[in-house]
Amino acid sequence: MAPDTMANRVYIHQGQILIIPHTPQHPGQVFDLPVSQPVTVPTALELIHRHGDRLTHSPITTAVHARLAGYPDKALSHDFTKHTFHALLPTEIAACLQHTPQLLATAVTTFYERDPPALKACQQMARFHPDKGMTM
């Protein structure tokens, strides 16, 4: 198995990882599927519906479940999910971020993905006076 040859061949169905193999792994996995052709989503879904019990891949399912054990609670309890920083921001922006902190990711993305006209407008600093800013 390689990522570049597994398009439309890996699915999660009823909590199990299902893999449509390129070649049958055992006699019970013989399907009416040309090995040389890519699998389409409708074909894959039909195979899962008809032969899902023969597509389970226990070692991979076990590994995935072991890796995900305890999530999402595990992710929320770690310090790596909490980032802190100090920034000098215009008062209006600081007020918006205090009211709706979820806007921070959008604000950072917008700041870094500016186009040339926006950069020119930012150079004037018309709405941002460092002496009137707020450190957060």
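Before going into details, it helps to say that this report is about the structure given with it. (Residues numbered from 1 in each chain as written. Predicted model: local features only at pLDDT ≥ 70, side-chain atom pairs only at ≥ 80, totals over all residues. Heavy atoms only, no water.)

**Section: the overall build of the protein**
Okay, so step 1: Scanning the protein from N- to C-terminus turns up six helices and four strands.
Okay, so step 2: Ordering the α and β elements of the protein from the N terminus gives β-β-α-α-α-β-α-α-α-β.
Okay, so step 3: Here the protein holds 136 residues, and the buried ones make up 17% of them.
Okay, so step 4: Residue pairs in contact within the protein that sit at least 24 positions apart in sequence constitute 64% of those at least 6 positions apart. (Helix = DSSP H or I, 4+ residues; strand = E, 2+ residues; numbered from the N terminus. Buried < 20%, exposed > 50% of the residue type's maximum accessible area, 1.4 Å probe, protein only. Contact = heavy atoms within 4.5 Å.)

**Some words on the environment of Thr-110**
Okay, so step 1: Position of Thr-110 relative to the elements: it lies in helix α5 (residues 103-112).
Okay, so step 2: Residue classification places Thr-110 among the exposed positions, given a relative accessible area of 52%.
Okay, so step 3: Separated by 2.8 Å, the side chain of Thr-110 and the backbone oxygen of Thr-106 make a polar contact. (Polar contact = N/O pair within 3.5 Å; in protein donor to acceptor, adjacent residues only side chain to side chain.)

**What about unusual backbone geometry?**
Okay, so step 1: Residue Asn-8 is not a glycine yet carries a positive backbone phi of 60°.
Okay, so step 2: Looking at the secondary structure, you find Asn-8 in the segment before β1 (10-13).

**What about the pattern of salt bridges?**
Between side chains of opposite charge, a pair can form when the charged atoms approach closely.
Okay, so step 1: Scanning the model with the defined rule gives one salt bridge in all.
Okay, so step 2: For Glu-46, the salt bridge identified is with Arg-50, shortest N-O distance 3.5 Å. Here Glu-46 pairs with Arg-50, and both are found in helix α1 (residues 41-55), just four residues apart, close to one helical turn.
Okay, so step 3: Its relative accessible area of 45% is what places Glu-46 among the partly exposed residues. (Salt bridge = Lys/Arg side-chain N within 4 Å of Asp/Glu carboxyl O.)

**Points about the environment of Leu-89**
Okay, so step 1: When you line up the elements, Leu-89 lands in strand β3 (residues 88-90).
Okay, so step 2: In the structure, Leu-89 is positioned 43 residues away from Lys-132 in sequence and 8.8 Å away in space, judged by C-alpha atoms.

**Thoughts on the pairing of β1**
Okay, so step 1: Pairing geometry for β1 and strand β2 (residues 16-19), over four bridges, is antiparallel. Its bridge partner lying in β2, Tyr-11 is registered against Leu-18.
Okay, so step 2: Remark: two residues form the turn of the hairpin made by β1 and β2, two consecutive strands paired antiparallel; Gln-14 in that turn has positive phi of roughly 55°. (Pairing = 2+ DSSP bridges.)

**Looking at a nonpolar patch on the surface**
Okay, so step 1: A cluster of nonpolar side chains, namely Val-64, Leu-68 and Tyr-71, defines an oily patch on the protein surface of about 260 Å² accessible area.
Okay, so step 2: Structurally, Val-64 is set in helix α2 (residues 58-68). (Patch = residues over 30% accessible without salt bridge, like charges linked within 9 Å, V, L, I, M, F, W, Y side chains within 5 Å. Areas by Shrake-Rupley, 256 points an atom, 1.4 Å probe, with all protein chains shown as cover.)

**Notes on α1**
Okay, so step 1: The end-to-end C-alpha distance of α1, which contains 15 residues, comes to just 15 Å, noticeably less than the 21 Å that a straight helix rising 1.5 Å per residue would cover.
Okay, so step 2: Its maximal kink placed at His-49, α1 deviates by approximately 70°.
Okay, so step 3: When we look at burial in α1, the residues that qualify are Ala-44, Leu-47, Ile-48, His-51, Gly-52 and Leu-55.
Okay, so step 4: Of the surrounding elements, those touching the buried residues of α1 are β1 and β2. (Expected span 1.5 Å × (residues − 1). Bend = angle between axes of the 7 residues up to and from the residue.)

Bear in mind that shape data such as this cannot, by itself, settle questions of function.
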